[in-house]
Amino acid sequence: MTLNQQIITILMVIAGTVLTRFLPFIFFPPGKPVPECIRYLGKVLPAAVFGMLVIYCLKNINFFQGNRGIPEFISVAVVIFLHLWKKQMLLSIAGGTITYMLLVQYVFP
């Protein structure tokens, strides 16, 4: 990249960051009620994102080759167990990730 391209890239990143930080306050000022559609999205999008993430992570499992998805399903079970036990999202995600990485590195190489 040339120096001009680097400067333009940095300025665009700054502009994007500033816009994403300030636009909600511009569109939804304090004291004004939040539109019903935005409240609805705030309720349903987190579950939808997690559902999409689960599908994305498990979509390439081949039950007829390799380890047949065993590390993935053990890790999903660890996530479910940790979440039901402690109800801490970060603990569940970290526990499942660590379990998966240990399984694919040492148990199912």
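Check the entry above for the structure.
Here is a short report on the structure shown in this document. Keep in mind that what you see is a predicted model, and the values were worked out from it rather than measured. (Residues numbered from 1 in each chain as written. Predicted model: local features only at pLDDT ≥ 70, side-chain atom pairs only at ≥ 80, totals over all residues. Heavy atoms only, no water.)

## What to know about the layout of surface pockets
If a probe as big as a water molecule is rolled over the atoms, it shows which places are left empty. Roughly 700 Å³ of volume is contained in the largest pocket. Lining the largest pocket are 20 residues, with Leu-53, Val-54, Cys-57, Val-76 and Val-79 sitting closest to its centre. Elements represented by at least two residues in the lining of the largest pocket include exactly helix 2 (36-58), helix 3 (70-86) and helix 4 (89-107). Considering every element that reaches the lining of the largest pocket, the biggest residue donor is helix 3, with 7 residues. The residue makeup of the lining of the largest pocket, split by class, is 13 nonpolar, 6 polar and 1 charged. (1 Å grid on protein atoms, 1.4 Å probe; cavity = no way out; pocket = protein on both sides within 12 Å on 5 of 7 lines; lining within 4 Å. Points joined across faces, edges and corners; volume = space filled by probe spheres on them. Helix = DSSP H or I, 4+ residues; strand = E, 2+ residues; numbered from the N terminus. Nonpolar A, V, L, I, M, F, W, Y, C, P; charged D, E, K, R; others polar.)

## Examining the environment of Gly-95
Here Gly-95 shows up in helix 4. Given the relative accessible area of 15%, Gly-95 is considered buried. Taking C-alpha positions, Gly-95 is 6.5 Å from Val-79, a pair spaced 16 residues apart along the chain. Excluding anything up to four places from it in sequence, Gly-95 contacts Val-78 and Leu-82. (Buried < 20%, exposed > 50% of the residue type's maximum accessible area, 1.4 Å probe, protein only. Contact = heavy atoms within 4.5 Å.)

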